[in-house]
Amino acid sequence: MNDYPLVIAVPSKGRLQENAAAFFARAGLPVRQARGGRDYRGSLVGVPGAEILFLSAAEIVSQLASGGAHLGVTGEDLLREGVDRVEEKLELITPLGFGNANVVVAVPQSWIDVRNMADLDEVAHAMRARHGRRLRVATKYLNLTRRFFAEKGVLEYRIVESPGATEAAPQSGTADVIVDITTTGATLAANGLKVLDDGTILRSEANLVASLGASWGERARVVARTVLSRIAAEEVGRTTREVRAGIDPDRPEIADMAARFGTSRPAGRASATELILHCPTDAVFAVVDGLLAAGAEDVAVHRLDYVFRTGEPLISRLFSRIGEEVDGVAAGSAGLP
């Protein structure tokens with residue numbers, strides 16, 4: 001087994017870099033650039049054996065696909081576009097909640113009778129029959145476009161590669177329709193375009209991604225357990241509240257709450273007079289109402305910073321893909337190198 005560090009590729013600039021740094025910091029994994037913003041290598045504070053690479057979006061995808069990085073932060077749109085057979089080469093560990101955007105098919109607003117891909121197919125056939133040319137589609141997403149159009153049965157088209165502002169292509173006359181990425185749709189509307197009703201190709205956001213082709217030596221695996229353990233603990237803490245109530249924990253209503261709202265009871269904290277529940281944040285008030293109706297007293301709700309759990313699915317899923325079973329010991333409990 002080699003002794004290489006765990007390599008994590010993160011965006012080198014802009015809002016994505018800021019969001020990625022904030023994501024790691026929330027998980028107790030602050031990112032440090034030893035020589036400031038011009039340094040393309042860094043580390044995770046307090047986690048020896050982890051090396052950060054600051055790369056462009058395209059470079060991150062390339063490094064993950066080739067196995068040059070173990071983990072990376074990048075948009076799903078770039079992965080689906082740039083990597084053939086993504087599921088065989090990469091594991092999308094968890095969405096990160098930032099970098100949200102949609103890859104869409106947009107047509108001129110003046111095409112009032114074109115509302116969906118079937119309508120677009122009719123336009124493409126008519127264009128070929130009447131004018132002897134194919135529908136022109138401007139895009140940077142060649143592979144996503146080809147797969148989506150084939151899935152929808154649209155064949156009479158040709159792609160016009162768009163290195164610049166794709167949304168301007170129909171107005172400039174270089175294309176008829178576009179496939180592009182959008183967050184609010186405002187830029188499309190400003191250029192006289194509309195998204196087809198069934199024209200959303202991909203709802204993308206930044207993901208934490210693992211390379212299955214990287215060299216997963218013992219050192220990298222141990223550090224990965226620590227990193228993923230903290231990330232998972234922060235995510236559970238952020239989306240969970242602890243509810244405490246003075247009530248008999250064995251009342252039938254408690255089991256019903258688990259089925260209805262996904263609550264759970266922390267192991268090893270049983271009491272005959274106090275109930276402790278871990279509750280999804282969006283179900284807190286419904287659970288509190290249910291407890292009060294059942295006769296509970298002094299119901300209190302607490303925020304949780306981190307919740308570390310054995311058998312964490314986020315960790316188990318990755319290690320099963322790279323050929324290592326995750327035992328019953330708490331993930332990340334092994335000593336750091």
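Another point: unusual backbone geometry. The phi dihedral of Arg 85 falls on the positive side, at around 55°, and the residue is not glycine. Relative to the elements of secondary structure, Arg 85 occurs in the loop between helix H3 (76-82) and helix H4 (86-89). You can call Arg 85 partly exposed: its relative accessible area is 45%. Notably, Asp 298 is not glycine yet its phi reads approximately 50°, a positive angle. By secondary structure assignment, the location of Asp 298 is in strand E15 (residues 297-303).

Mapping Glu 234 onto the fold places it in helix H9 (residues 218-238). Its relative accessible area of 6% is what places Glu 234 among the buried residues.

This part covers the nonpolar core. Counting residues in hydrophobic clusters, the biggest one holds 35 residues, and the most contacted among them are Leu 6, Trp 216 and Ile 231. Contributions of two or more residues to this core are made by strand E1 (6-11), helix H1 (14-26), strand E4 (50-55), strand E5 (71-75), strand E12 (206-211), H9 and helix H12 (313-321).

Within the open sheet, the seven strands sit side by side as E2-E3-E4-E1-E5-E12-E6. Their pairing is mixed. Strands at the two margins of the open sheet, each flanked by one partner only, are strand E2 (31-33) and strand E6 (90-95). Direction aside, neighbouring strands of the sheet carry axes that sit 30° apart on average. Contacts from H9 reach E1, strand E3 (41-44), E4, E6 and E12, with the element oriented near 45° to E1. Each of E6 and E12 touches H12; the most contacted strand, E6, lies at about 175° to it.

Below, the discussion takes up the packing of aromatic side chains. Tallied over the entire structure, the rule returns three aromatic pairs. A cation over a ring is seen here: Arg 225 above Phe 319, with NZ or CZ 4.6 Å from the ring centre.

Next up on the list: the sheet that holds strand E9 (residues 157-161). Pairing within the open sheet is mixed, and its five strands lie in the order E9-E8-E10-E7-E11. Looking at which strands have only one partner, the edges of the open sheet turn out to be E9 and strand E11 (193-204). For this sheet, the mean angle separating the axes of adjacent strands, direction not counted, is 25°. With five bridges joining them, strand E7 (residues 101-108) and strand E10 (residues 177-182) adopt antiparallel strand pairing. Opposite Ala 106, over in E10, you have Ile 178 as the bridge partner. The strands touched by helix H5 (residues 117-131) are E7, strand E8 (135-139), E10 and E11; relative to E8, the strand with the most contacts, the crossing angle is about 125°. Along the sheet, helix H6 (residues 142-151) contacts E7, E8, E9, E10 and E11; its crossing angle with E9, the most-contacted strand, is approximately 165°.

Below, the discussion takes up the pairing of E7. Counting buried positions along E7 yields seven of eight residues, so the element is predominantly enclosed. As judged from the seven bridges shared by E7 and E11, these two strands associate in the antiparallel manner. Counterpart to Asn 102 in the pairing with E11 is Arg 203.

A word on the pairing of E10. Taken across its six residues, E10 has five buried, putting it largely inside the fold. Across three bridges, E8 lies against E10 in parallel orientation. Looking across to E10, one finds that Ala 138 is bridged to Ile 178.

Rules used throughout
- Counting starts from 1 at the beginning of each chain's written sequence and moves along it residue by residue.
- Local features in a predicted model are, by the rule used here, given only for residues with pLDDT of at least 70; side-chain atom pairs are given and counted only at 80 or more, and totals for whole chains, interfaces and linings are based on all residues.
- Computation of side-chain values covers all heavy atoms of the structure but excludes hydrogens and water.
- Only DSSP runs of H or I with at least four residues qualify as helices, and only runs of E with at least two residues qualify as strands; both kinds are numbered from the N terminus onward.
- To sort residues, take the accessible area from a 1.4 Å probe on protein chains only and compare it with the maximum for the residue type: under 20% means buried, over 50% means exposed, and anything in between is partly exposed.
- For our purposes a nonpolar core is just a set of buried Ala, Val, Leu, Ile, Met, Phe, Trp, Tyr and Cys residues, chained together by side-chain atoms within 4.5 Å.
- Two strands pair if DSSP finds at least two bridges between them.
- Under this scheme, a helix contributes an axis fitted over its contacting stretch, all axes are lines through C-alpha atoms, and angles between N-to-C directions fall in the 0 to 180 degree range.
- Any pair of residues with heavy atoms lying within 4.5 Å of one another is described as a contacting pair.
- For Phe, Tyr and Trp, rings pair up if their centres lie within 6.5 Å, where Trp contributes its six-membered ring, and each pair is then called stacked (planes under 30 degrees apart), edge-to-face (over 60) or tilted (otherwise).
- As a reminder, the over-ring test applies to NZ of lysine and CZ of arginine, requiring each to be within 6 Å of the ring centre and within 35 degrees of the ring normal.

Everything listed here is a matter of coordinates, which is why it stays silent on function.
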